[in-house]
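# Notes for the structure review
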Amino acid sequence: MEAAALATKPIVKVAALCGSLRKASMNRGLIRSAIQLCDESIEGMTIEYVDIAPLPFVNTDLEVDGTFPEPVEAFRQTIRGADAILLASPEYNYSFTGPLKNAIDWASRPPNVMADKPAAIISAGGGFGGGNSQLHLRQVGVFLDLHFINKPELFVHAFQPPPKFDRDGNLIDPEIKERLKQLLLSLKAFTLRLQNKC
């Protein structure tokens, strides 16, 4: 009976996109840490990292008879199948990154596969910790019809002591890990609420 009850519990599937293409990116490290947290201590939630590097630049000439190039179609199918979206982006020139904008633009091509999904944003960097990138992502999210959680927020001031990441971009700060966990729990609860499953 207990096994049957566990089997019927909803699983929140999250698609995670990173705006930085570097392997040692701190923002990608935040996503790796989020995946690990879900595996170890957040029941009923899974995160899939979605690599946006293979996506070509948006060009509607590449859309033929309502179809997209193979990497774009695979990306869109993954986003379509997700219950929620997790976006991680450093701040470039007071905004989020070009690769992430490109991915979002492909996702928004009709039919918009991000529409009506709950979402959360995390960022790491200097200065405001990626705050301007988060602000612009929220603005773009209005058009995409994404529903962002408001609290908690996570801006990681990556270059202030104590060290937050190792040389490979892995998150090593326990306080930031706990804050990330709280953000993920908030995203899970919000997703289930929107789905009327809790």
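Presented here is a report on the structure given in the accompanying data block.

Conventions used here
- Residues numbered from 1 in each chain as written.
- Predicted model: local features only at pLDDT ≥ 70, side-chain atom pairs only at ≥ 80, totals over all residues.
- Heavy atoms only, no water.
- Axes fitted to C-alpha atoms, helices over the stretch in contact; angles between N-to-C directions.
- Helix = DSSP H or I, 4+ residues; strand = E, 2+ residues; numbered from the N terminus.
- Parallel < 35°, antiparallel > 145°, perpendicular 65-115°, else oblique.
- Contact = heavy atoms within 4.5 Å.
- Nonpolar A, V, L, I, M, F, W, Y, C, P; charged D, E, K, R; others polar.
- Disulfide = S-S within 2.5 Å.
- Core = buried A, V, L, I, M, F, W, Y, C linked by side-chain atoms within 4.5 Å.
- Buried < 20%, exposed > 50% of the residue type's maximum accessible area, 1.4 Å probe, protein only.
- Pairing = 2+ DSSP bridges.
- Right-handed = clockwise from strand over helix to strand, strands pointing away.
- Expected span 1.5 Å × (residues − 1).

### With respect to the packing of helix α4 (residues 98-108) against helix α5 (residues 131-144)
- α5 packs onto α4 with a crossing angle of 10 degrees between their chain directions and a minimal axis gap of 11 Å. When the axis of α4 is compared with that of α5, the two are roughly parallel. Within the contact between the two elements, α4 uses Leu100, Ile104 and Ser108 and α5 uses Leu137, Val140 and Leu144.
- Each residue belonging to the contact of α4 with α5 can be placed in one class, and the counts come to five nonpolar, one polar and no charged.

### A closer look at the state of the cysteines
- For the coordinates displayed, the defined rule picks out zero disulfides.
- Lacking any disulfide linkage, Cys38 is separated from the closest cysteine sulfur, that of Cys18, by 16 Å.

### Quick look at the nonpolar core
- Counting 32 residues, the largest nonpolar core has Leu86 and Leu184 as the members making the most contacts within it.
- The set of elements that each furnish at least two residues to this core consists of β1 (12-18), α2 (26-41), β2 (45-50), β3 (84-88), β4 (118-125) and α6 (174-194).
- Non-local contacts of Leu86, meaning those with residues more than four positions away in its chain, are made with Val14, Ala15, Ala16, Leu17, Ala34, Ile47, Ala120, Ile122, Leu183 and Leu184.
- Formed by 26 residues, the second largest nonpolar core is a distinct cluster that contains Val50, Phe75, Ala103 and Met114.

### Let's talk about the pairing of β1
- With six of seven residues buried, β1 is to be regarded as a mostly interior element.
- Of the pairings in the sheet, the one linking β1 to β2 comprises six bridges and is parallel in character. When the sheet's bridge partners are listed, Val14 is paired in β2 with Ile47.
- In terms of handedness, the path from β1 via α2 over to β2 forms a crossover that is right-handed.
- Bridging between β1 and β3 involves five bridges; their strand directions are parallel. Of the residues in β3, the one forming a bridge with Leu17 is Leu87.

### So, helix α3 (residues 70-81)
- Here α3 contains twelve residues, and its C-alpha end-to-end distance of 17 Å stays within 8% of the 16 Å for a straight helix at 1.5 Å per residue.
- Its buried side turned inward, α3 meets β1, β2, β3 and α4.

### Structural notes on the environment of Phe128
- Note on placement: Phe128 falls in the loop between β4 and α5.
- Relative accessible area serves as the criterion here: at 46%, Phe128 is assigned to the partly exposed category.
- Sequence separation of Phe128 and Pro161 is 33 residues, and the distance between their C-alpha atoms is 15 Å.
- Once residues lying within four places of it in the same chain are set aside, the contact partners of Phe128 are Phe155 and His157.

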